[in-house]
Amino acid sequence: MPRTPKPQSYYEDIKRRFAEERDLRLSYRPEGTQQYTSDLDGELGKYAIDPYSQEIPAREALNDAVEVLFIGGGFSALLTSARLHEKGVDSIRIVERGGDVGGTWYWNRYPGAACDVVAYDYLPLLDELDYVPVRHYSQGPEIHAHCQAIARKYDLYRLAVFHTTVTETRWDDIEQMWYVRTDRGDHMRARFVICANGTLSKPKLSKIEGMTSFAGHSFHTSRWDYAWTGKQLENLGDKTVGIIGTGASAVQIVPELARTAKELYVFQRTPSSIDIRDDWPTDPNWARKLQPGWQAKRREKVLAAFERDPKEVARLAALSPEDKVRQQENANIDYMMRIHARIDSIVKDKVTADALKPWYMFMCKRPCFHNDYLPSFNQPNVHLVDTHGKGITRIAPQGPVYEDKVYPVDVLIYATGFEVQKTGIYNQIIGRNGLRLEDKYADGIRTLLGIHTAGYPNLFVMGGYQASFQFNLTDMLQTQGDHIAACIAHVRSSGHHSIETTESAEQWWVDEVIRHRGKTGRNQECTPGYYNFEGESNRRQDGNYNGGFRQYFEHQGNVRAKMEENFIFA
């Protein structure tokens, strides 16, 4: 039967509740991003130690030159390297802080780690590696192994440097090369540098009074201590565990802890939206019938899916801007209320169920998908400590404190996420005339396609701001990798040495980003999170390009079609 239409007052009441919850969060932590720290040194240094590389091999400092140098060894570097190899570029070096390739899948090895995007779309280069994922959604170990397989296929281990952090990347205008220094004393040179460190790479911690006084064991989710918990968490059977945070990592971890820990306390500031995650093993008959090029065809379908039917375009065009926004908001609220209904249908305790309900628009915070997270709160050993937007602000030697009640725990796990990075993490990027990139961006981010920036020849940025935002990040990274490989191939085949965007092309793109952002007040209306800089105000150009994924892809092609207009070649 068709649903009875709800009055507009219903939606307005919910929007008011959304605003109240947002304001509550902001009133508790008005400092925005400053409520976190990612400077993990001194007493906090233990939260940054790599637990997956017990011994760092000694090596001599490098003083050599390569043609292409990647800062970071995740999917950005791997899939772009593949495209460069196809174009005849073999002198490729990956410089990676971790002990292997994989990026986020090297670091995030916590129990239950998996990808929320369908594996056949998320894992890149499946055609090239003749590989079909084993499940509809890939788990962390399979994804990491796929990264290693890519590195082996394209001989990326030969020049790779691991356990190494780039500290300075400086352009030499006379030599027309980038000079790259590291924390291992290296002084490398590279013709092209590609910043591929990702936007969520550096672990962060909430600034909580008394953190260093905690007498038990503690670690960050991206540095999971299996030596303490046991490989199958078997050491937690007689332990009381606390986890601070209820974001994407915690949603996957909590069910695993619930199955093994004696007691589990989940400290929540803001609940995540949790939807169904339909997963199943890959059908071997389906996999066997796949023809070469099958993944490329899937990606084309993704692009096509973003193109509205002409009738729908005409219908939306007939609406006033106010009606269009109202229609979008109402549909969003309907979806979130279905999320609420799912919680009520699963969680038995009403107080707990109500506490787990997210009061914000869908996509204000990263959406999560899991079938076992909500049922975990029906277990007698699992306790939700809902801080009603305040968060844990003090930790005693015994454990976290909320409303003067101490929660004693044996181990405290920080699921507090990662610092959102624009470009570079531990790295000073210095272009022409000694200009630091962070100084150039001080008055607003300025790029072409989110990839090039004037004053920084032969420098390419992947996964940064002013690029298109996609929930399936590898779709966007694939287009960027293809674009970068094409640009480098053009420089090499044309007898040039460097490529640099013109200021006019850069200004055009800045204007495009601004034109497609800020059409509504959604960014300011959302509850604080890393999508909106924890509620801080930000310039309209300091974000993603929101003109659509197909349009972003087409813009890349149009920019390459007019190379001489958009770039300066030396």
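Residues numbered from 1 in each chain as written. Predicted model: local features only at pLDDT ≥ 70, side-chain atom pairs only at ≥ 80, totals over all residues. Heavy atoms only, no water.

**Some thoughts on the overall build of the chain**
- Assigned secondary structure in the chain consists of 20 helices and 23 strands.
- At 24 Å, the chain has a C-alpha radius of gyration in line with the 25 Å of a compact globule built from 570 residues.
- Each of the three principal axes of the chain carries a C-alpha extent, and together these read 70 × 65 × 55 Å.
- Looking at the chain as a whole, 54% of its 570 residues are labelled buried.
- By sequence separation, contacts in the chain at least 24 residues apart represent 74% of the contacts at least 6 residues apart.
- Carbon and sulfur atoms make up 50% of the accessible area of the chain, which totals about 25200 Å².
- Within the chain, the 75 negative side-chain charges are centred at a point lying 3 Å from the centre of the 70 positive side-chain charges. (Helix = DSSP H or I, 4+ residues; strand = E, 2+ residues; numbered from the N terminus. Rg over C-alpha atoms; globule rule 2.2 N^0.38 Å. Buried < 20%, exposed > 50% of the residue type's maximum accessible area, 1.4 Å probe, protein only. Contact = heavy atoms within 4.5 Å. Areas by Shrake-Rupley, 256 points an atom, 1.4 Å probe, with all protein chains shown as cover. Lys, Arg positive; Asp, Glu negative; His and termini not counted. Charge placed at Lys NZ, Arg CZ, Asp CG, Glu CD.)

**Considering the side chain of Ser81**
- On the secondary structure map, Ser81 appears in helix α2 (residues 75-86).
- A relative accessible area of 0% places Ser81 in the buried class.

**Brief notes about the sheet that holds strand β16 (residues 400-402)**
- If you trace the three strands from one edge of the open sheet to the other, you get β15-β16-β17, paired in antiparallel fashion. The sheet is open, and its two borders are formed by β15 (394-395) and β17 (405-406), each paired with just one other strand.
- Pairing of β16 with β17, which is carried by two bridges, proceeds in the antiparallel orientation. Residue Tyr402 lies in a different strand from β17, and its bridge partner there is Lys405. (Pairing = 2+ DSSP bridges.)

**Details of unusual backbone geometry**
- Positive phi outside glycine occurs at Leu449, with the angle close to 70 degrees.
- Of note, Leu449 is situated in the loop between α15 (437-440) and β21 (459-461).

**Quick look at the packing of aromatic side chains**
- In total, this model carries 26 aromatic pairs according to the counting rule given.
- Of the aromatic side chains, those joined through ring pairs into one cluster are Trp508, Trp509, Tyr545 and Tyr552.
- Between the NZ or CZ atom of Arg17 and the centre of the ring of Trp359, over which it lies, the distance is 4.0 Å.
- Positioned over the ring face of Trp107 is Arg223, at 3.8 Å from the centre of the ring. (Phe/Tyr/Trp six-rings, centres within 6.5 Å; stacked < 30°, edge-to-face > 60°. Lys NZ or Arg CZ within 6 Å of the ring centre and 35° of its normal.)

**Focus on the pattern of salt bridges**
- One pass over the structure, following the stated rule, counts 39 salt bridges.
- Among the ionic pairs, Arg83 bridges to Asp482, the shortest N-O distance being 2.9 Å. Of this pair, Arg83 sits in helix α2 while Asp482 sits in helix α16 (residues 473-493), and the two are 399 residues apart along the sequence.
- By relative accessible area, which is 30% here, Asp482 ends up partly exposed.
- A salt bridge links Arg550 to Glu300, with the nearest nitrogen and oxygen atoms 2.9 Å apart. In this pair, Arg550 sits in helix α19 (residues 549-561) while Glu300 sits in helix α10 (residues 294-305), placing the two residues 250 residues apart along the sequence.
- For Glu300, a relative accessible area of 39% gives the class partly exposed.
- Taken together, the shared-partner salt bridges connect Asp116, Arg135, Arg277, Asp279 and Arg366 into one network. (Salt bridge = Lys/Arg side-chain N within 4 Å of Asp/Glu carboxyl O.)

**Observations regarding the state of the cysteines**
- Scanning all chains against the criterion turns up one disulfide.
- The disulfide partner of Cys364 is Cys526, and the gap between their sulfur atoms is 1.8 Å. Handedness here is read from the sign of the S-S torsion; for Cys364 and Cys526, about -75 degrees, the answer is left-handed. Of the two residues, Cys364 is situated in the loop between α13 (350-355) and β13 (368-369) and Cys526 in the loop between α18 (522-525) and α19; the sequence distance between them amounts to 162 residues.
- When its relative accessible area of 3% is taken as the criterion, Cys364 is described as buried. (Disulfide = S-S within 2.5 Å.)

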